[in-house]
Amino acid sequence: MRITDYGSLVVNNTPGTNVNWGRIQCGGTITVGNSSGTYNAHGRISGDSTSGLRLIGSKSGTYTTTAGITIASYNVGINTIAPRYQLDLAKAQDSSQSDYIALGVNNGNAAGTGTALGSGLIWKANYTSYTKRSAGIVQIAQGSYFRSALAFYTNGTADVSTDWSERMRIDMDGNVGIGETSPEGKLTIKYTSANPPTSGTTANSAIQILSNLSPPHQLNIGVVNAPSYGSYIQASDNNLAVNYSLLLQPNGGNVGIGTDSPGAKFQTVQTTSGEWTG
């Protein structure tokens, strides 16, 4: 062992040109251990040109060759000695793995109306002149006691600076909003309403259901953007030019309007003056 003129510690190895100030160079394994006392811990740092750098440790007094952190070919593995990606947590040949990544949580207000962003996953390019965030999944501090929502972001703007937009939210009660940050139903969809088109391929609907059978056809559900501001259900082909039948209760059953107990195949019940029963 020797200490170089630059203050580096060299163990079992000849000092190399890369041993600079404050570095440790070792030709073997560096082991840290304490064989006695309440807080018994062992650790090891090793590495070579094949396996990369490995950090292994255990508070139980022993360590294994399969545990710890491995840094190899710019990939980081936790409890795997051959990381396949930039961060790899999958244990080799383990069919019952249950690992978690814990992120900090932002706390909300007592009223459950908080909107502050907490921790999350962010996709952002590390690219010259780009400031935009491209996508993300972020915790929303909706209520006290760490009651939280999840917000989902994407970015469809073709420039370098326009930031992401929230597209979907799951609130703390499990309601899902698409285009709506305060969903009141189990599924709330908010969009720019439009009349159903009679041609083309843009449905302008809130919900579009496509069939993969031939001939291609679809069902669209939406709201109209002009008086009397009604809503529609429209069945058509994929070119929106040919209208198909809309089936209600195709396997049997009654249909009621203004009643939850229809006594005929189709029944309407008067609820206010001027309406009729049929």
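Quick note: structure is the one above.
Residues numbered from 1 in each chain as written. Predicted model: local features only at pLDDT ≥ 70, side-chain atom pairs only at ≥ 80, totals over all residues. Heavy atoms only, no water.

A. Structural context of the nonpolar core. Val138, Ile140, Ala149, Ala151, Tyr153 and Trp164 form the largest nonpolar core, which has six residues in total. Every element with two or more residues in this core is listed here: strand 11 (135-143) and strand 12 (147-154). Here the element with the most residues in this core is strand 12; it accounts for three residues. Here Trp164 is in contact with Leu117, Ile122, Arg133, Ala135, Gly136, Val138, Tyr153, Thr154 and Asn155, once residues within four sequence places are set aside. (Core = buried A, V, L, I, M, F, W, Y, C linked by side-chain atoms within 4.5 Å. Buried < 20%, exposed > 50% of the residue type's maximum accessible area, 1.4 Å probe, protein only. Helix = DSSP H or I, 4+ residues; strand = E, 2+ residues; numbered from the N terminus. Contact = heavy atoms within 4.5 Å.)

B. Representation of the side chain of Asp171 within the structure. Mapped onto the elements of the fold, Asp171 is located in the loop between strand 13 (165-170) and strand 14 (176-178). A distance of 2.9 Å separates the side chain of Asp171 from the backbone nitrogen of Asp173, its partner in a polar contact. Within the structure, Asp171 has its side chain in polar contact with the backbone nitrogen of Asn175 (distance 2.8 Å). (Polar contact = N/O pair within 3.5 Å; in protein donor to acceptor, adjacent residues only side chain to side chain.)

C. Representation of the environment of Asn254 within the structure. Turning to its location among the elements, Asn254 is positioned in the loop between strand 18 (231-237) and strand 19 (255-257). Given a relative accessible area of 29%, Asn254 falls into the partly exposed group. Each C-alpha atom, one on Asn254 and one on Lys265, is 4.3 Å from the other, the two residues being eleven residues apart in sequence. Excluding residues within four positions of it along the chain, Asn254 makes contact with Gln249, Pro262, Gly263, Ala264 and Lys265. A polar contact is formed between the side chain of Asn254 and the backbone oxygen of Pro262, at a distance of 3.2 Å.

D. Molecular detail of the packing of aromatic side chains. One pass over the full model with this rule turns up two aromatic pairs. Between Tyr127 and Tyr130, the aromatic rings sit 5.4 Å apart at their centres with planes inclined by 80°, giving edge-to-face as the arrangement. The partly exposed category is assigned to Tyr130, whose relative accessible area is 34%. Where Tyr153 meets Trp164, the ring centres are 4.2 Å apart and the plane angle is 20°; that geometry is what we call stacked. With Tyr153 in strand 12 and Trp164 in the loop between strand 12 and strand 13, this pair connects stretches of sequence that are eleven residues apart. Trp164 shares its class with Tyr153; the two are buried. (Phe/Tyr/Trp six-rings, centres within 6.5 Å; stacked < 30°, edge-to-face > 60°.)

E. A look at the sheet that holds strand 13. One open sheet accounts for six strands, arranged 10-11-12-13-14-15; its pairing is mixed. The sheet is open, and its two edges are formed by strand 10 (116-123) and strand 15 (187-189), each paired on a single side. Pairs of neighbouring strands in the sheet enclose a mean axial angle of 25°, with direction left out of account. Alignment of strand 12 against strand 13, held across five bridges, turns out to be antiparallel. Its bridge partner lying in strand 13, Phe152 is registered against Met168. (Pairing = 2+ DSSP bridges. Axes fitted to C-alpha atoms, helices over the stretch in contact; angles between N-to-C directions.)

F. Structural view of unusual backbone geometry. Here the bond from Ser214 into Pro215 is cis, since omega is 0°, no more than 30 degrees from zero. Along the chain, Pro215 falls in the loop between strand 16 (207-210) and strand 17 (217-223). In the segment running from Pro227 into Ser228, the intervening peptide bond is cis, with an omega of 10°. Mapped onto the secondary structure, Ser228 falls in the loop between strand 17 and strand 18. The phi dihedral of Tyr229 falls on the positive side, at around 55°, and the residue is not glycine.

G. How the structure looks around the side chain of Asn155. Looking at the element boundaries, Asn155 is found in the loop between strand 12 and strand 13. Note on Asn155: relative accessible area 19%, which makes it buried. Polar contacts involving the side chain of Asn155 include one to the main-chain amide nitrogen of Thr157, which spans 3.0 Å. There is a polar contact of 3.4 Å between the side chain of Asn155 and the backbone oxygen of Asp163. When residues no more than four places from it in sequence are discounted, the contact partners of Asn155 are Lys132, Arg133, Ser134, Thr162, Asp163, Trp164 and Arg167.

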